[in-house]
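What follows is each chain in one-letter form.
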Amino acid sequence: MAEQAPCTCGSNEKNRLIFPCSGQANTGQISNQAAIQLSDEGYGSFVCTALLASGSESLAERAREVQEVVAIDGCGMDCARKILEQAGVPVHQHLVITDLGVEKKSGNRSFTSDEVESIVSAAWKGEGKLQESRSGEKKSDGAGGCGCDCGGKCS
């Protein structure tokens, strides 16, 4: 499990929902396992992306009310992020496993614990944090740290 130092600014108790893509390739399976591990570590709650895609208004409403929504996509198809956006749910952190150095192997669901750990660590570090730019495009702010939006002051 990823070592996570306690946040001293008090804002690490975010209300987070984690939506993995859970695709059929190894990277989709890594997204699912990373979401489970993050939930087990207390980072947030692992929720069903397929339920949201099926039109669950109660899940969409819950996701709109939390402090942070994390989408974990296996590849650049961005299925989890697109499902969230179609449901009107803002994404605050978006991790794309292939962008984090894991090669997608279609037809092969095997993965290593090190690959899962690299994604879990990226989430804790806030590597996928997004912010609105002036043009309305989302971009990574590269904040890092504990992922609590303290700007690295508590790390």
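Above this note sits the structure.
Rules and cut-offs
- What you see as residue numbers is a count from 1 along each chain, following the sequence as written.
- Where local features are concerned, this predicted model is filtered to residues with pLDDT of at least 70; where side-chain atom pairs are given and counted, the filter is 80 or more; whole-chain, interface and lining totals use all residues.
- Heavy atoms from the whole structure form the basis of all side-chain values; hydrogens and water molecules are not counted.
- In this description a helix means any DSSP run of H or I spanning at least four residues, a strand means any run of E spanning at least two, and both kinds are numbered starting from the N terminus.
- Type-normalised accessible area, obtained with a 1.4 Å probe on protein chains alone, sets the label of each residue: buried when under 20%, exposed when over 50%, and partly exposed for intermediate values.
- We call two residues in contact whenever any of their non-hydrogen atoms come within 4.5 Å of each other.
- All accessible-area figures derive from a Shrake-Rupley calculation using a 1.4 Å probe, and residue coverage is judged against the displayed protein chains alone.
- Side-chain atoms alone can form a polar contact between residues adjacent in sequence; in general such a contact is a pair of N or O atoms within 3.5 Å, and within protein one must be able to donate a hydrogen while the other accepts it.
- Each pair of strands is called paired provided DSSP finds at least two bridges between the two strands.
- We call a set of buried residues a nonpolar core when its members are Ala, Val, Leu, Ile, Met, Phe, Trp, Tyr or Cys and they connect through side-chain atoms within 4.5 Å of each other.

Draft legend 1. Summary view of the overall build of the chain. From N to C terminus, the chain includes 5 helices and 6 strands. Among the 155 residues that make up the chain, the fraction classed as buried is 43%. Here the analysis covers contacts within the chain between residues at least 6 apart in sequence; of these, 65% occur between residues at least 24 apart. Surface exposure of the chain reaches about 7900 Å², of which carbon and sulfur atoms provide 46%.

Draft legend 2. Region of the structure containing the side chain of Asp73. Take Asp73: it is sitting in strand 3 (residues 68-73). Within the structure, Asp73 has its side chain in polar contact with the backbone nitrogen of Arg81 (distance 3.3 Å). Of note is the side chain of Asp73, whose polar atom sits 2.7 Å from the side chain of His94. Excluding residues within four positions of it along the chain, Asp73 makes contact with Cys21, Asp78, Cys79, Ala80, Arg81, His94, Leu95, Val96 and Ile97.

Draft legend 3. Broad picture of the sheet that holds strand 3. Taken together, 4 strands build an open sheet; the order of strands is 2-1-3-4 and the sheet is parallel. The sheet terminates laterally at strand 2 (45-46) and strand 4 (93-96), the two strands that pair on one side only. Taken together, the 2 bridges between strand 1 (residues 16-20) and strand 2 define a ladder with parallel strand orientation. Counterpart to Leu17 in the pairing with strand 2 is Ser45.

Draft legend 4. Looking closely at the nonpolar core. Of all hydrophobic cores here, the largest spans 17 residues; its most connected members are Ile18, Leu38, Tyr43, Ile72 and Ile119. Every element with two or more residues in this core is listed here: helix 1 (26-40), strand 3 and helix 5 (113-125). Considering every element that reaches this core, the biggest residue donor is helix 5, with 6 residues. Excluding residues within four positions of it along the chain, Ile72 makes contact with Ile18, Phe19, Pro20, Cys21, Ser31, Ala34, Ala35, Leu38, Ala80, Leu95, Ile97 and Ile119. Formed by 15 residues, the second largest nonpolar core is a distinct cluster that contains Leu59, Ala60, Ala63 and Leu84.

Draft legend 5. Structural context of the environment of Thr27. Mapped onto the fold, Thr27 is located in helix 1. Using a relative accessible area of 2% as the deciding quantity, one classes Thr27 as buried. Separated by 84 residues in sequence, Thr27 and Phe111 place their C-alpha atoms 7.9 Å apart. Sequence-distant contacts of Thr27, defined by excluding residues within four places in its chain, comprise Gly74, Ile97, Thr98, Val102, Glu103 and Lys104.

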